[in-house]
Amino acid sequence: GEDATGLSLYVRKVLISDEFELLPRYLSFLKGVVDSDDLPLNVNRETLQESKIIQVIKKKVVRKALEMLKNFQKESDEAASKDDEGAEIDEETGEAKEKTPVPNKYNEWYRQFS
């Protein structure tokens with residue numbers, strides 16, 4: 001469906017579902033693969049819905065996704081503060097040199113989804 005998340009669920013490299021919701025709606029822009037060795041290969045949707053392993057996987061995927069976004073933000077802030085303090089002065093003219101802009105990882109990553 002159109003509202004399917006971008007996560008595909010695999011068990012030992014065999015695709016089980018690419019429409020199974022492992023993420024809450026607010027993280028539905030993420031794309032990726034979850035491969036589990038802990039689920040049986042002959043798993044069906046009903047079994048998945050009530051599986052304790054799936055609950056653990058959901059929790060860990062959300063935690064990992066939020067951690068990743070937090071790291072993007074932290075790296076972005078660090079890069080911005082380095083840019084502010086690192087203004088070089090041209091010795092001949094006494095003016096600030098133009099710095100080549102460092103691409104912001106978060107913005108680069110976000111652009112892929114917009």
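If you're wondering where the values come from, they're calculated on a predicted model, not measured in any experiment.

The rules behind these values
- Residues numbered from 1 in each chain as written.
- Predicted model: local features only at pLDDT ≥ 70, side-chain atom pairs only at ≥ 80, totals over all residues.
- Heavy atoms only, no water.
- Pairing = 2+ DSSP bridges.
- Helix = DSSP H or I, 4+ residues; strand = E, 2+ residues; numbered from the N terminus.
- Axes fitted to C-alpha atoms, helices over the stretch in contact; angles between N-to-C directions.
- pLDDT = per-residue confidence, 0-100.
- Buried < 20%, exposed > 50% of the residue type's maximum accessible area, 1.4 Å probe, protein only.
- Contact = heavy atoms within 4.5 Å.

K.L.:
Can you walk me through the sheet that holds strand β2 (residues 14–17) in this structure?
P.N.:
What links the strands of a sheet is backbone hydrogen bonding, and the strands pair in either a parallel or an antiparallel sense. As summarised here, the arrangement of the 3 strands in space is β2-β1-β3, forming an open sheet in which the pairing is mixed. Every other strand in the sheet has two partners, leaving β2 and β3 (31–36) as the edge strands with one partner each. When strand polarity is set aside, the average angle formed by the axes of neighbouring strands in this sheet is 35°. As paired strands, strand β1 (residues 6–11) and β2 are joined by 3 bridges and run antiparallel to one another. Opposite Val11, over in β2, you have Val14 as the bridge partner.

K.L.:
Teacher, can you tell me more about the confidence of the model for the protein chain here?
P.N.:
Residues shown with low pLDDT carry predicted positions that ought not to be read at fine detail. When pLDDT is averaged along the protein chain, the result is 79, and 76% of the positions lie at 70 or above. Ranking the helices and strands of the protein chain by mean pLDDT puts β3 first, with 90, and helix α3 (residues 105–111) last, with 71.

K.L.:
Looking at this structure, how should I read the environment of Lys105?
P.N.:
With respect to the helices, strands and loops of the structure, Lys105 is situated in helix α3. Exposure remark for Lys105: the relative accessible area of 52% places this residue in the exposed category. When the C-alpha atoms of Lys105 and Ser76 are compared, they prove to be 6.9 Å apart, with 29 residues separating the residues in sequence. Leave out the neighbours within four places in its chain, and Lys105 touches Phe72 and Glu75.

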